[in-house]
Amino acid sequence: MASSEGFLTEEQREMLKIASQNAEVMSSLSLSSSPKSPGPRSPRPKSPGQNSSVLSEHHHVKAPGGGHSAMVGGVAVRHVRRSHSGKLIRVKKDGAGGKGTWGKLLDTGGESFIDRNDPNYDSGEEPYELVGSTVSDPLDEYKKAVVSLVEEYFTTGDVEVAASDLRELGSSEYHPYFIKRLVSMAMDRHDKEKEMASVLLSALYADVIMAAQISQGYFMLLESADDLAVDILDAVDVLALFIARAVVDDILPPAFITRASKMLPESSKGFQVLQTAEKSYLSAPHHAELVERRWGGSTHLSVDEVKKKIADLLREYVESGDTSEACRCIRQLGVSFFHHEVVKRALVLAMEIRTAEPLILRLLKEAADEGLISSSQMVKGFTRLAESLDDLALDIPSAKKMFQSVVPKAISEGWLDASFVKSSGKDGEKSEEKDEKLMRYKKEVVTIIHEYFLSDDIPELIRSLVDLGMPEYNSIFLKKLITLAMDRKNREKEMASVLLSALHIEIFSTEDIVNGFVMLLESAEDTALDILDASNELAFFLARAVIDDVLAPLNLDEIASMLPPKNSGSETVCMARTLTAARHAGERILRCWGGGTGWAVEDAKDKIQKLLEEYESGGVVSEACQCIRDLAMPFFNHEVVKKALVMAMEKKNDRMLELLQECFSEGLITINQMTKGFNRIKDGLDDLALDIPNAKDKFKFYVEHAREQGWLLPSFA
């Protein structure tokens, strides 16, 4: 050991000294940690590799055997270091060091900063900054879009566009908010907008908005009724009318009022709304018609009103000669589909006032050049005038001559299409010859249909048609029946559909019905001149025929194929297909006109019995007649006749004959209904004689009296 030290430098000797001190420490630690310390050991010679291991321990001291590091006073040996003074120094675990050490790895000793001008600058090293932003609510976006949609609908009145826009908007789960917004906006506007809102909701029902969403939307309105009443003074009454209208239109079930009443506090405005709807509107006699007509019953002007406005503006134009003002007035009417009436009336006025002809022709040319009156409307106006020239010539002898001079002038100036000359030539070739048989049939048919609308006597109508003996004209009868029904109330429309089902069973073939609908659709544009909603009405009649099994769904395709090209009837057929394909189509279409022509039979019989008993016990004839009139069931008046005659036999009091005479004189009971009542008594006379022995004698007396007064048809035996 001494000899070897002679070859070491001073630095090596110092290191060897430190290593030997560390060795002594470790040996003492191993002795103290061992449970049984052995006796003193003799020194062993060091292996050559020990020096290198000792040198490494200057930085990292390992426990003997390479196992877990030994502990010095509770500190791991690898975290213990000796200074040159021989003191033990605890090293920081993460290597940051203490006094006189280099410190932590990559520790610059000062605050670091990023220099954006540094060529090695990386924006990713910039510290993150959280920037606050507003999160948009889908419901708020939907509400904003709905407001503009409703405003546009109130301006244009186009139901199809509104339905399409709502469908494109998506977010169907928010449709109750659409209902709430539409109704609340309409409540603060005129009756026209209220009617438009009701019409739109009926159109959207089941097709775009589900029934449950309709109910939910109306309930939201009821919940907000207190807030609405702050801005709209009559909010309770208006909202009650909206709910009543929804019930009448079959988009809200009547049970909605009962269910909603249980969910609202009695002190709330919403509860008052439901009470008003039920007591003031839905419980009133003829409430359906009352509610439907409350806001005018239509979102458009009537045909007569439009015609009057057209006549007024044309006369003002003739007096002033202001073409631009006249065009503005025509545009303001907002009836582009009815501009052919402007053309026709303008030409008639030019014929009546010859000095006004240049002004009228200038107006028509200006309107055509601006695109205000379309080419098709111009041709249609000229066509309508050409068809009525014969009648017009009776009042204006020069009408035909003037018309013949205007047509070539209009074609040469470019505001009348040259196709008018060709079409008018074809129409002349196709003009029907005066067929006395057909004309007589049409007159008879109109009388029969009017009688049916009064009596609702289907067997009598069928007998009348059979008596006419002209089955080849069955399709013409169908056309006339539906045309007359469209211009009347829902009761007559329902009666027409019911009659159609009966005729299909009894005397009409499917071919007759198909041909009848084709004739109706071909003349739909002319029908629309008098009935603005003719297209929708025809679609419902077609759909009802399918639901009633009068027509098969395939017959709709057959009807569409039989229509001329570019005929508006094709759109009506498509509409009918849509109606029949909708959810719950059967129930909706069966109830589209009320689902019945009157009260239940038993209820009506009970009311008739009571009013006759009251009259017999000393009532006034005029009051009894008024009660019969209030029943509003003229088709069931044969029951009045029957019960009156039976009561006269039982009471042996002929006072009932005075009542029947008064009813017949006023036209309250028709001759058909009177005859039918007598026939019913005659058919049950044998059974009646069991209770009233002299029933047959009495009946003979009543029949003779009735014949003297003209109550019975000659056919009564």
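Residues numbered from 1 in each chain as written. Predicted model: local features only at pLDDT ≥ 70, side-chain atom pairs only at ≥ 80, totals over all residues. Heavy atoms only, no water.

Chemist: Would you mind going over the overall build of the protein with me for this structure?
Modeler: Each helix and strand counted, the protein has 38 helices and 4 strands in total. Per-residue burial for the protein yields a buried fraction of 40% across its 717 residues. When the accessible surface of the protein is summed, it comes to about 41200 Å², and 52% of that surface belongs to carbon and sulfur atoms. (Helix = DSSP H or I, 4+ residues; strand = E, 2+ residues; numbered from the N terminus. Buried < 20%, exposed > 50% of the residue type's maximum accessible area, 1.4 Å probe, protein only. Areas by Shrake-Rupley, 256 points an atom, 1.4 Å probe, with all protein chains shown as cover.)

Chemist: What should I look at first to understand helix α4 (residues 138-156) in this one?
Modeler: Structurally, the α-helix is built with 3.6 residues per turn, so residues lying three or four positions apart point the same way. Over its 19 residues, α4 runs 27 Å from end to end, which matches the ideal 27 Å to within 8%, given 1.5 Å per residue. Those residues of α4 lying buried are Leu139, Tyr142, Val146, Leu149, Val150, Tyr153 and Phe154. Angularly, the buried residues of α4 cover 130° about the axis, an arc narrow enough to put them on a single face. Turned more than 90 degrees from where α4 packs its buried face, Lys144, Thr155 and Thr156 sit exposed. Tucked into the core, α4 has its buried residues touching α5 (159-169), α6 (175-187) and α7 (191-204). Where α4 terminates, the next one or two residues include glycine 157, which has phi positive at roughly 70°. (Expected span 1.5 Å × (residues − 1). Arc of directions from axis to C-beta. Contact = heavy atoms within 4.5 Å.)

Chemist: Can you help me understand the confidence of the model for the protein in this one?
Modeler: In regions of low pLDDT, the predicted coordinates are not meant to be interpreted in detail. Per-residue confidence for the protein gives a mean pLDDT of 77, with 78% of residues at or over 70. Within the model, pLDDT remains below 50 along residues 31-79, and this stretch shows 36 contacts once partners closer than five positions in the same chain are excluded. Across residues 425-434 the pLDDT falls below 50, and counting only partners more than four positions away or on other chains, this stretch makes 2 contacts in the model. (pLDDT = per-residue confidence, 0-100.)

Chemist: Sorry if this is basic, but what is going on with the packing of helix α16 (residues 339-352) against helix α18 (residues 375-387) here?
Modeler: For any two helices packed against each other, one specifies the crossing angle of their axes together with the interaxial distance. Direction vectors running N to C along α16 and α18 enclose 50°, while the axes themselves pass 7 Å from each other. One way to sum up the angle between α16 and α18 is to call them oblique. Handedness of the α16/α18 crossing: right-handed. Along its contact with α16, which presents His339, His340, Glu341, Val343, Lys344, Leu347, Val348 and Met351, the element α18 presents Gln377, Met378, Lys380, Gly381, Phe382, Arg384 and Leu385. Within the contact of α16 with α18, the residues separate by chemical class into 7 nonpolar, 4 polar and 4 charged. (Axes fitted to C-alpha atoms, helices over the stretch in contact; angles between N-to-C directions. Parallel < 35°, antiparallel > 145°, perpendicular 65-115°, else oblique. Left-handed = near helix turned anticlockwise from the far one by under 90°. Nonpolar A, V, L, I, M, F, W, Y, C, P; charged D, E, K, R; others polar.)

Chemist: Mind showing me how you'd approach the nonpolar core here?
Modeler: Side chains that are nonpolar tend, in soluble globular proteins, to be buried together. Within the largest apolar cluster, 60 residues are counted, with the highest numbers of intra-cluster contacts made by Phe178, Tyr218, Leu222 and Phe242. Residue contributions to this core peak at 12 residues, all from helix α10 (residues 235-248). Setting aside residues up to four positions removed in sequence, phenylalanine 178 forms contacts with Tyr142, Val146, Leu149, Val150, Leu166, Leu200, Leu204 and Ile209. One finds Ile458, Phe477, Leu521 and Leu556 within the second-largest nonpolar core, a separate group that totals 51 residues. (Core = buried A, V, L, I, M, F, W, Y, C linked by side-chain atoms within 4.5 Å.)

Chemist: Would you mind going over the environment of isoleucine 692 with me for this structure?
Modeler: Structurally, isoleucine 692 can be placed in the loop between α37 (685-691) and α38 (695-709). The class for isoleucine 692 is buried, based on a relative accessible area of 6%. With 46 residues separating them along the chain, isoleucine 692 and valine 646 place their C-alpha atoms 9.2 Å apart. The contact partners of isoleucine 692, leaving out residues within four places of it in the chain, are Val646, Met649 and Glu650.

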